[in-house]
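Examining the three-dimensional arrangement
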Amino acid sequence: MQRGFQLGLLLLAVQLFQEGLGNIPAITLAVLGFNVYLYMFPAAQLMKACMSLQFVYRHKEWRRLFLSPLHHVDDWHLYFNMVSFLWKGIRLEHRLGAAWFLYLLSVFSLLTGLVYLLLQALMTKLIEDSDSLAELIDMSSLSNECVVGFSGVLFALKVVSNYYNPGGVTYVLNLRVSNRFASWVELVLIYLIAPGTSLVGHLAGILVGLLYTVGPLKTIMETCAEFVSSEVNTPQPRPYYSYSGYTGTGRENREDPQHAEDYTTDYTSEYTDSDIAGLTEEEQIELAIRKSLNDIGQTRQRRASSPPHGFQPTNEDVSPEEILRRRRLRRFDQGFPSQRRRL
């Protein structure tokens, strides 16, 4: 169902214009735009997108974990969440980088929902077992609570942002609060001022942020990222080429290194026995000298380490003896031009 243009959307557009689209990092702008799009064109009705223990766990509707953070009740709900995300996203994306910030948002969105379900289950159990808590908290409202919105993720991002600026202060409803306690103060004030908000959902976001800043979540995410990166960047057998074309694949740390190519030509391989028999004695002596020089060069090359794939030798890369041997071969070629043959 499409929504009409509303005041919250207009104010959000004004806020973006004042900030300047060019000053907003790519991931922050894309996520913000995606939330606006799903508000205008919802992927599901709110009652089918909201998240609660009953729907997700008992009815096995796990898709609500992904739909709930991206849907909002009305335009004001969207406006306040997106403006808050805009400020946090600009700071964190510049600090963490686009790839890690997107990774962080993905993990926070899913994990905040899971922590919310866990907290809802624990609080329901505690209230059922305690008469004093049952008098303070409405059991029916807690068990039937179904939440939507990006607020849980925003509380997690707020904890991370304050963690990177521990000495700063935040103004919560014109109250000057240290960044160390800002998330907790905001949690209580929002619940008191707007009773319709989810205390458990916001608390879940704070706990996820703490899991990242002082808990093991960041280490786990880094380990997973390194594992995926190593799988993607695993070296594959690389083809190597000789002067005649494709010759196979190269591997590092081979037990029996083989040369991709001999840099000198075995002249005797160009002649058959009948050809050699048809040569003069002088020509046969020349071939014997060439073969002797070539065997010496090949023996030295096999003793050396295998050259890198695609390596082209120069005079600076070979020994003086090898240079001398090649010069002798060239002299023989120049001295007996008529004796060179090709089959």
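Details of the structure are given in the entry above.
Keep in mind that this is a model prediction, so the values were computed, not measured. Residue numbers restart at each chain and count upward from 1, following the sequence in its written direction. Only residues with pLDDT of at least 70 are given local features in this predicted model, and only at 80 or more are side-chain atom pairs given and counted; all residues enter the totals for whole chains, interfaces and linings. Derived side-chain values reflect all non-hydrogen atoms in the structure, with water molecules and hydrogen atoms excluded from consideration.

What follows concerns the pattern of salt bridges. Oppositely charged side chains are able to pair whenever their charged atoms sit close together. The salt bridge criterion pairs a side-chain nitrogen of Lys or Arg with a carboxyl oxygen of Asp or Glu, the two atoms within 4 Å. The full count for this structure, using the stated rule, is two salt bridges. One salt bridge connects Glu-61 with Arg-64, and the closest N-O pair in it is separated by 2.5 Å. The buried label applies to any residue whose accessible area, calculated with a 1.4 Å probe on protein chains only, is under 20% of its type's maximum; exposed applies above 50%, and partly exposed to all values in between. For Glu-61, a relative accessible area of 23% gives the class partly exposed. Assessed through its relative accessible area of 2%, Arg-64 is described here as buried. When the shortest N-O distance is used, the salt bridge between Lys-158 and Glu-186 registers 3.3 Å. Residue Lys-158 is located in helix H10 (residues 151-163), and its partner Glu-186 is located in helix H11 (residues 179-193); the two are separated by 28 residues in the primary sequence. Strands here are runs of E lasting at least two residues and helices are runs of H or I lasting at least four, both read from the DSSP assignment and numbered beginning at the N terminus.

Expected helix span is given by 1.5 Å per residue-to-residue step, counting one fewer step than there are residues. With 22 residues, helix H6 (residues 75-96) should reach 32 Å at 1.5 Å per residue; the first-to-last C-alpha distance of 30 Å fits that figure. Bend angle per residue: angle between axes fitted to the 7 residues ending at that residue and the 7 residues starting there. Of all bends in H6, the biggest is about 30 degrees, found at Gly-89. Where H6 starts, the residue carrying a side-chain oxygen 3.2 Å from the main-chain nitrogen of Trp-76 turns out to be Asp-74. Whenever a nitrogen or oxygen atom comes within 3.5 Å of another N or O atom, the pair is scored as a polar contact, on the condition that within protein one atom can donate a hydrogen and the other can accept it, and that pairs from neighbouring residues in sequence are kept only if both atoms are in side chains.

All right, on to H11 then. The first and last C-alpha atoms of H11 sit 21 Å apart over 15 residues, in line with the 21 Å expected at 1.5 Å per residue. Taken together, the buried positions of H11 are occupied by Asn-179, Ala-182, Ser-183, Glu-186 and Leu-187. Throughout, a contact is declared for two residues whenever any of their heavy atoms are within 4.5 Å. Contacts from the buried residues of H11 go to H10, strand S1 (169-172), strand S2 (175-178) and helix H12 (199-213).

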